[in-house]
There are 2 protein chains.
Amino acid sequence: MDRSSDMAENPKNTKKNNIDALDKLGQGIYNQIIAGENPYFDLPTRGLANVKYSEEKKILTMGSGLSRRYFLNVGHVRKFVQTIAMAALSKELIQSDKHTSLRSAFYQVRRTIPGTKIDIVDDQVETNKAIEDLELIIDLTREQLHINANKAGAVAGEAIVEDRGDVIDWSKMGSGGWAIPSNVEDLIFKKIDAKFVIYMEKQTIWDRLNEDKAWKKLNCIIIASQGQATRGIRRLLQRLNREYNLPVYILTDGDIWGVYIYSTIKFGSIALASASDKLALPEAKFMGLTMDDIERYGLKRHLIKFKDVDISRLNQIKNYEWFKKSKQWMEELGKMERLGAKVELDAFVAKGLSFMTEHYLPDKLKEGKFLD
Amino acid sequence: MDRSSDMAENPKNTKKNNIDALDKLGQGIYNQIIAGENPYFDLPTRGLANVKYSEEKKILTMGSGLSRRYFLNVGHVRKFVQTIAMAALSKELIQSDKHTSLRSAFYQVRRTIPGTKIDIVDDQVETNKAIEDLELIIDLTREQLHINANKAGAVAGEAIVEDRGDVIDWSKMGSGGWAIPSNVEDLIFKKIDAKFVIYMEKQTIWDRLNEDKAWKKLNCIIIASQGQATRGIRRLLQRLNREYNLPVYILTDGDIWGVYIYSTIKFGSIALASASDKLALPEAKFMGLTMDDIERYGLKRHLIKFKDVDISRLNQIKNYEWFKKSKQWMEELGKMERLGAKVELDAFVAKGLSFMTEHYLPDKLKEGKFLD
């Protein structure tokens, strides 16, 4: 489907919107100062106690707990100043159309207060926190604030995008693919012919499918990083789903770590609950490896017995509220527990190097059997 | 310089050459069997004792120690069979123009010997060893044998390549870059306008330089992974140097870990000494951060004190034969030791987000002051 006509640019990421949000914060504090008040801002309380699973949105969200941070408070002033310094840096970055990294942001903000020996930041831990706080206060992601995380991962498939003026055809990227940037906010989708997206946890599986041109045969987009999806990938999956209605399928090893990768993409993570709205994708579906696949495709020969760490992770995930609410998933996790072993996607090659492209993926798609 | 005329394809990687090498191994064993001999092959002894620094080639190489592996020897037979099984798999892969991963190769070779309960491999450790042995025996890399390592990293710059029939312009890759494949043996260079290559250890520094289009301003190619360069990147650097005479500069933090990254790219590594010929690049030069740069660019403010682990690594590297032979490097490592602290490339942003693009890199190139 080609919808290049409208919705091409990410509508929620206009330079003006983002600068307005930063200005509003600054203006509020300015007004407080002028009025002779003790300057403050409110931000959602962080930490586990304020993270909730939202039944309605089907994602992890922050609760309603708020805390107020004052300038004239010896316990608050340092963080107050750091957050405002970060806001100033962000505005500068957005205005100059440049981006920085978490590490560089620390160096950019670091300075000594004139006439004192006090540095406004001593360690990157402080600037990282300030960035997280700023994200919460003005409800923008660090990517929208032009502060990028590390990038990783590659994409190939039936789509053409535009990025910084370059037109990039994901179907003509050879064996490498396009390296997915850490920040996809300004990415423009020019032409999306793909009907769905597969995210896989392993780069080597991606290499295999890409060599088979599986994305061409199945008319899709394939994306991988290594293990957990980066923030850039999660936003990319979300945008492809939200803006083009593309179903997103998660392909992992048949083990509890694969389930956790799926969980993070779909529901968000506890650590980044504040960013769930911008990163989580409740529409994501799990395309395997399932415990039933092991039987069906004769992979029993390749079982790898659980270690203690697998069992304890399984017990933890079994108790996640969002899995407990799914009968399907409780069954799956029960089967996994009884089997006491895992199977890797790589094992499919024992049935032929292109078995996944020619059999496994087409079977899944034809039968539409995805765990949800 | 455009040299698209000849040398376009990697001359050392023809399908026929590689299959011939495998056939020769098979034919040798076949002849031994026909002659009623105990089948065997010779391979260079592995391990530290047989790794030497070659004064002439300026790289780490394997010594002349050889060991003979027999089929009819209870201590040898398992490894003998595994190596031959891997050779058979490689031939199949090359013939079918398909590639596999180390993990998948294990699954592909795994099988039970008919009439027994003995599997020819039980663990990937065995197939990894068999692949390493095969590389040594027939003097081909695993990439030439169509067995790929994990990929990572991105490239951008003034070059156009062809890969699996796709023409990829490295100067039109937006903010992501082209994801560097694990295997660049079949990559065809169509047009190289760049005058040199910079490999940097940090993806975030690459992002910064790429956003500045530093590769356009300086007329070069920029490459990064995260930390140590992958095998794919090392081969790519080597091919760009060997086939197009492009100087290769290594850009790292000013610390001992940066020096180690440089050392591996330039001289090879102890673990992969057997592959030095195909991976090491004695022409590579170090473009900083040097200890003198810290003074010159006023980065003292951003010194990070050594930890114990930095000091012990420094002492180790100071004693590497290949550094001991370089007066320049012994001075540099001495300065580093006396300073007792490191500085990160990221610190340059304190002087302006584009300081590296506008000052640091042009200074280095103009003055030609590279550690060698």
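Note that the structure is predicted; figures quoted are calculated from it, not measured. (Residues numbered from 1 in each chain as written. Chains lettered and ligands numbered in written order. Predicted model: local features only at pLDDT ≥ 70, side-chain atom pairs only at ≥ 80, totals over all residues.)

Regarding the environment of A:S276
Residue and element names in this part refer to chain A. Going by this rule: Only DSSP runs of H or I reaching four residues or more are called helices, and only runs of E reaching two or more are called strands; each is numbered from the N terminus. With C-beta atoms placed from the backbone, a residue is buried if 20 or more other C-beta atoms are within 10 Å of its own, exposed if 12 or fewer are, and partly exposed between those counts. A residue pair is marked as a contact if its C-beta atoms, positioned from the backbone, fall within 7 Å.
Within the secondary structure layout, S276 lies in helix α9 (residues 276–279). On the neighbour-count criterion, S276 (22 C-beta atoms within 10 Å) is buried. Dropping the residues within four chain positions of it, S276 is found in contact with I59, L60, T61 and G268.

A few points about helix α3 (residues 102–109) of chain B
The element α3(B) is extensively covered by neighbouring structure, given that seven of its eight residues are classed as buried. Against α5 (203–211) of chain A together with α2 (77–95), β5 (100–101), α4 (124–138) and β6 (147–148) of chain B lie the buried residues of α3(B).

Remarks on helix α2 (residues 77–95) of chain A
All names here are of chain A. Where we set the bar: By this rule, a helix spans an expected 1.5 Å times one less than how many residues it contains.
Counted at 1.5 Å a residue, the expected span for α2 with its 19 residues is 27 Å, and the 27 Å between its end C-alpha atoms agrees. Among all positions of α2, only F80, Q82, T83, A85, M86, A87, L89 and S90 are buried. Among the structural elements, α1 (15–34), β4 (66–70), α3 (102–109), α4 (124–138) and β6 (147–148) are those in contact with the buried residues of α2. Directly beyond the C-terminal end of α2, a positive phi value near 60° is found at D97.

Observations regarding the sheet that holds strand β11 (residues 188–192) of chain B
Residues and elements named next belong to chain B. Applied cut-off: Each pair of strands is called paired provided DSSP finds at least two bridges between the two strands. Here the axes come from fitting lines to C-alpha atoms, over the contacting stretch only for helices, and the angles between their N-to-C directions go from 0 to 180 degrees.
Taken together, the three strands give an open sheet; going across it, the order is β9-β8-β11, and neighbouring strands pair in antiparallel fashion. One side of each edge strand has no neighbouring strand; the edge strands of this open sheet are β9 (166–169) and β11. In this sheet, neighbouring strand axes are inclined to one another by 20° on average, regardless of whether the strands run parallel or antiparallel.

What about the interface of chain A and chain B?
What counts here: Throughout, the ten residues Ala, Val, Leu, Ile, Met, Phe, Trp, Tyr, Cys and Pro are labelled nonpolar, Asp, Glu, Lys and Arg are labelled charged, and all others, Gly among them, are labelled polar.
With 39 residues of chain A at the interface, the matching set in chain B holds 39 residues. When residues of the side of chain A that touches chain B are traced back to their parent elements, those giving at least two are β5 (100–101), α3, β9 (166–169), β10 (178–179) and α5 of chain A. Its residues assigned to classes, the side of chain A that touches chain B comprises twelve nonpolar, 16 polar and eleven charged.

Quick word on the packing of helix α8 (residues 256–267) of chain A against helix α11 (residues 308–318) of chain A
All names here are of chain A. Our working rule: It is the rotation of the near helix from the far one that decides the hand of a crossing: anticlockwise by less than a right angle makes it left-handed, clockwise makes it right-handed.
Two numbers describe how α8 lies on α11: the axes approach to 9 Å, and their chain directions differ by 35°. Considering how the two elements wind past one another, α8 and α11 form a crossing that is left-handed. Here α8 contributes I256, V259, Y260 and S263 to the contact with α11, which in turn contributes D310, R313, L314 and I317. Classifying every residue of the contact of α8 with α11 gives five nonpolar, one polar and two charged.

Things to note about the domain arrangement of chain A
Residue and element names in this part refer to chain A. Stated precisely, the cut-off is as follows: Here the limits of each domain have been adopted from an automatic or database domain assignment.
Domain boundaries in chain A define domain 1 (15–148) and domain 2 (154–367). Contact with domain 1, which involves 17 residues of that partner, is made by 17 residues of domain 2. Elements with a contribution of two residues or more to the side of domain 1 that touches domain 2: β2 (51–54), β3 (59–62) and α4. Considering every element that reaches the side of domain 1 that touches domain 2, the biggest residue donor is β3, with four residues. Split into classes, the residues belonging to the side of domain 1 that touches domain 2 amount to eight nonpolar, five polar and four charged.

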